[in-house]
Amino acid sequence: GMQQGIQQGMQQGMQRGIQQGMQQGMQRGIQQGVQQGMQLGEALLLQRQLTRRFGELSAAQQARLAAATPAQLEIWGDRVLDAQSLDEVFGDTRH
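Just so you know, the residues in each chain are numbered from 1, in the order the chain's sequence is written. Two thresholds apply to this predicted model, a pLDDT of at least 70 for residue-level local features and 80 or more for giving and counting side-chain atom pairs, whereas whole-chain, interface and lining totals are computed over all residues. Here the side-chain values reflect all heavy atoms present in the structure, with hydrogen atoms and water set aside.

A. Layout of the environment of Trp-76. Turning to its location among the elements, Trp-76 is positioned in helix 3 (residues 70-79). Under the relative-accessibility criterion, Trp-76 is labelled buried at 4%. A C-alpha to C-alpha distance of 19 Å links Trp-76 and Gln-35, two positions 41 residues apart in sequence. Residue contacts are counted whenever heavy atoms from the two residues lie within 4.5 Å of one another. Beyond its immediate sequence surroundings of up to four residues, Trp-76 is in contact with Leu-46, Arg-64, Leu-65, Ala-68, Val-89 and Phe-90. Elements are defined by DSSP. Helices are runs of H or I of four residues or more, strands are runs of E of two residues or more, and each kind is numbered from the N terminus. A 1.4 Å probe rolled over the protein chains alone gives each residue an accessible area, and that area as a share of the maximum for its type sets the label: buried under 20%, exposed over 50%, partly exposed in between.

B. Fine view of the side chain of Gln-61. By secondary structure assignment, the location of Gln-61 is in helix 2 (residues 59-67). Owing to a relative accessible area of 15%, Gln-61 belongs among the buried residues under this scheme. Once residues lying within four places of it in the same chain are set aside, the contact partners of Gln-61 are Leu-86 and Phe-90.

C. Quick peek at the packing of helix 1 (residues 2-54) against helix 3. It is at 10 Å that the axes of helix 1 and helix 3 come closest, and there the two elements cross at 25 degrees. Here helix 1 is positioned roughly parallel relative to helix 3, judged by the angle of their axes. Considering only the axes of helix 1 and helix 3, their crossing is left-handed. In contact with Gln-39, Glu-42, Ala-43 and Leu-46 of helix 1, helix 3 contributes Pro-70, Leu-73, Glu-74, Trp-76 and Gly-77. Amino acids outside the nonpolar list (Ala, Val, Leu, Ile, Met, Phe, Trp, Tyr, Cys, Pro) and the charged list (Asp, Glu, Lys, Arg) are all regarded as polar, and Gly is one of them. For the contact of helix 1 with helix 3, the per-class residue count stands at 5 nonpolar, 2 polar and 2 charged. Only the contacting stretch of a helix is used when fitting its axis, a line to C-alpha atoms as for every element, and angles between N-to-C directions run 0 to 180 degrees. The labels follow the angle: roughly parallel below 35 degrees, roughly antiparallel above 145, roughly perpendicular from 65 to 115, and oblique for the rest. For a crossing to be left-handed, the near helix must be turned anticlockwise from the far one by less than a right angle; the clockwise case is right-handed.

D. Representation of the nonpolar core in the model. Residues grouped as a nonpolar core are buried Ala, Val, Leu, Ile, Met, Phe, Trp, Tyr and Cys residues, joined through side-chain atoms within 4.5 Å. By size, the foremost hydrophobic cluster in this structure holds 13 residues, and its most contacted members are Leu-46, Leu-50, Leu-65, Leu-73, Trp-76 and Phe-90. Excluding residues within four positions of it along the chain, Leu-73 makes contact with Gln-39, Glu-42, Ala-43, Leu-46, Leu-65 and Ala-68.

E. Spotlight on the packing of aromatic side chains. In summary, the pairing rule links any two rings of Phe, Tyr or Trp, Trp by its six-membered ring, whose centres are within 6.5 Å, and it sorts them by plane angle into stacked for under 30 degrees, edge-to-face for over 60 and tilted for everything else. Summed over all chains, the structure comprises 1 aromatic pair. With a centroid separation of 4.8 Å and an interplanar angle of 80 degrees, the aromatic rings of Trp-76 and Phe-90 are classed as edge-to-face. Here Phe-90 lies in helix 4 (residues 86-90) and Trp-76 lies in helix 3, a separation of 14 residues in the sequence. Each of the two residues, Trp-76 as well as Phe-90, counts as buried.

Okay, here's the thing in structure tokens:
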């Protein structure tokens, strides 16, 4: 009767809610993964450019690249074209 209808309705509602929640969670996870992947790719590319231009990077410099924000990577990526040294790229110059 009516109670069975209410139970079915609640079950369907819960299932739909769970499915939507899972889908949203997956989408968010995929987006984060893509962003992290792009950032990692940028850091690796920059590391290759720096190594090719200035030689091996120190462990500290490699760590800075790995921990950099996308904005920092962008700035360093622009500087690598004009810089005369690694210090200039990373902005460590003391003029």
